[in-house]
Amino acid sequence: SMASPALLMRVVASAYSVAEKAATIVRNVMSAGDLGIVEKAGPNDLQTKADRLVQMSICASLARKFPKVTIIGEEELPSDDVTEDLIEDGHCEEILKKPCPAQYTGIKEEELVIWVDPLDGTKEYTEGLLDHVTVLIGIAYGGKAIAGVINQPYFNYEAGANAVLGRTIWGVLGMGAFGFQLTEAPAGKHIVVTTRSHSNALVNECIAALNPDHVIRVGGAGNKIIQLIEGKASAYVFASPGCKKWDTCAPEAILHAVGGKITDICGNSFQYNKEVKHMNSAGVLATLRNYEYYASRIPNTVKESLVP
């Protein structure tokens, strides 16, 4: 008989289904009309009923199947009993059929850390910019992001009333990434994607130094990485603290799985072990291709202002 699939592939296959359930919750909260908005640290740091329900759903569903895995979610929530209707027990069969990359076949549950952003782009969600919104489930081993799931609950939402909403992108290092069409940005064009609601003088100084042909301002780290892998932008640049490990873990795994690169503004890689601080205090620099071109143009004044 066939050996049972490696733990990593079982976790990714479950995360895929859990993310699809999350997307349904996100859409249901929006269509019910009461977002239940709470300000956390201020008007640009919001939490909605969708953030709360989705995090409970993702964390409880994965913890039930993989009890020894460490799961770290963005929202501070009581660990009360989660109602059964929030539990997703399914998995994606197609993922289970793929062979696990050799370097990850021996992983044990207690060696994995899962970083969860239940609703990346909350502010945009509350403002109806629905295509900015993603659900992020990142899987780390040995401090590195090795697999990730990004669900876009509102992918296709401008395609009319009968459009099928949502898609799930997933990837594993050493295997590749799936659920989208990998596309490179136009050659010779420098298109920078950056923050929409967290801009400041330093953010703008850094972008100006890159002399971009075009700047795209959108919400959500997941959304920005999608811009890179679909060729809409050539670099994601955010010269500011504020981004956290749950924003970058899933996107990093997917970007690295297709040969891209993400670091902080100073060029340091992110660490994802469970003891690590949550803030990416030196910002983000990411590209699908030509990382060195952008890294070499970040001004020293900007780097000195952002201490990792």
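The name that an unreviewed UniProt entry assigns to the protein chain is 3'(2'),5'-bisphosphate nucleotidase 1, with the source organism given as Callaeas wilsoni. UniProt annotates the protein chain under Cofactor (unreviewed entry) with the comment "Mg(2+)". Word for word, the UniProt comment on the protein chain under Sequence similarities (unreviewed entry) is "Belongs to the inositol monophosphatase superfamily."

Engineer: Could you give me a rundown of the packing of helix α1 (residues 7-32) against helix α2 (residues 49-65), with the residues and numbers involved?
Structural biologist: Axis separation between α1 and α2 bottoms out at 9 Å; the angle between their running directions is 160 degrees. The pairing of α1 with α2 is recorded here as roughly antiparallel in orientation. Crossing angle aside, the handedness with which α1 passes α2 is right-handed. Counting all contacts with α1, which are made through Ser14, Ala15, Val18, Lys21, Ala22, Ile25, Val26 and Val29, the residues of α2 involved are Lys49, Ala50, Leu53, Val54, Ser57, Ile58, Ser61, Leu62 and Lys65. In terms of residue class, the contact of α1 with α2 is made up of eleven nonpolar, three polar and three charged.

Engineer: Outline the sheet that holds strand β4 (residues 112-120), supporting the account with residue identities and numerical values.
Structural biologist: Strand order in the open sheet formed by six strands is β3-β4-β5-β6-β7-β8, with mixed pairing between adjacent strands. Two strands bound the open sheet, and with one partner strand each, they are β3 (70-73) and β8 (176-178). In this sheet, neighbouring strand axes are inclined to one another by 15 degrees on average, regardless of whether the strands run parallel or antiparallel. Sheet strands in contact with helix α6 (residues 221-229) are β4, β5 (134-141), β6 (144-152) and β7 (167-172), and its direction is about 85 degrees off that of β5. In the packing of helix α7 (residues 245-257) onto the sheet, the strands contacted are β3, β4, β5, β6, β7 and β8, and the crossing angle to β6 comes to about 100 degrees.

Engineer: Break down unusual backbone geometry for me, citing the residues and quoting the values.
Structural biologist: Residues other than glycine seldom take positive phi values, yet Asn156 does so here, at roughly 85 degrees. Its place among the elements puts Asn156 in the loop between β6 and β7. At Asn290, a residue that is not glycine, the phi angle is positive and equals roughly 60 degrees. Judged by relative accessible area, Asn290 falls into the exposed class, the value being 58%.

Engineer: With reference to specific residues and values, describe the sheet that holds strand β13 (residues 284-287).
Structural biologist: Across the sheet, five strands lie side by side as β10-β9-β11-β13-β12; this open sheet has mixed pairing. Looking along the sheet, the strands with just one partner apiece sit at the ends: β10 (214-217) and β12 (261-263). Looking at each pair of strands side by side, their axes are set apart by 20 degrees on average, direction ignored. As paired strands, strand β9 (residues 191-194) and β10 are joined by four bridges and run parallel to one another.

Engineer: Account for the pattern of salt bridges, with residues named and values stated.
Structural biologist: Under the counting rule described, the total for this entry stands at ten salt bridges. One salt bridge in this structure joins Glu127 and Lys123, with 2.7 Å as the shortest N-O distance. The class for Glu127 is partly exposed, based on a relative accessible area of 38%. One salt-bridge network, in which partners are shared between bridges, spans Lys40, Asp45, Glu74 and Glu75.

Engineer: With reference to specific residues and values, describe the domain arrangement of the protein chain.
Structural biologist: By domain assignment, the protein chain separates into domain 1 (7-175) and domain 2 (191-305). Taken together, the contact between domain 1 and domain 2 spans 38 residues of the former and 29 residues of the latter. With its nearest N and O atoms 2.6 Å apart, the salt bridge here joins Arg196 to Glu127. Among the elements of the structure, β3, β4, α4 (122-126), β5, β6 and β7 are those that each provide at least two residues to the side of domain 1 that touches domain 2. Considering each element in turn, the side of domain 1 that touches domain 2 owes the most residues, eight residues, to β6. For the side of domain 1 that touches domain 2, a count of residues per class yields 18 nonpolar, eleven polar and nine charged.

Engineer: Now, about the nonpolar core: what can you tell me, with residues and values included?
Structural biologist: Formed by 103 residues in total, the largest nonpolar core has its most connected members in Leu8, Ile58, Trp115, Tyr125, Ile137, Tyr236 and Ile265. Sort the elements by how many residues they give to this core and α1 lands first, with 14 residues. Two domains each provide a minimum of three residues to this core, namely domain 1 (7-175) and domain 2 (191-305). Sequence-distant contacts of Tyr125, defined by excluding residues within four places in its chain, comprise Val26, Val29, Met30, Leu35, Thr48, Ala50, Leu119, Leu130, Val133 and Tyr154.

The rules behind the values
- Residues numbered from 1 in each chain as written.
- Predicted model: local features only at pLDDT ≥ 70, side-chain atom pairs only at ≥ 80, totals over all residues.
- Heavy atoms only, no water.
- UniProt positions renumbered as here; feature names shortened; annotations may be inferred.
- Axes fitted to C-alpha atoms, helices over the stretch in contact; angles between N-to-C directions.
- Helix = DSSP H or I, 4+ residues; strand = E, 2+ residues; numbered from the N terminus.
- Parallel < 35°, antiparallel > 145°, perpendicular 65-115°, else oblique.
- Left-handed = near helix turned anticlockwise from the far one by under 90°.
- Contact = heavy atoms within 4.5 Å.
- Nonpolar A, V, L, I, M, F, W, Y, C, P; charged D, E, K, R; others polar.
- Pairing = 2+ DSSP bridges.
- Buried < 20%, exposed > 50% of the residue type's maximum accessible area, 1.4 Å probe, protein only.
- Salt bridge = Lys/Arg side-chain N within 4 Å of Asp/Glu carboxyl O.
- Domains from an automatic or database assignment.
- Core = buried A, V, L, I, M, F, W, Y, C linked by side-chain atoms within 4.5 Å.

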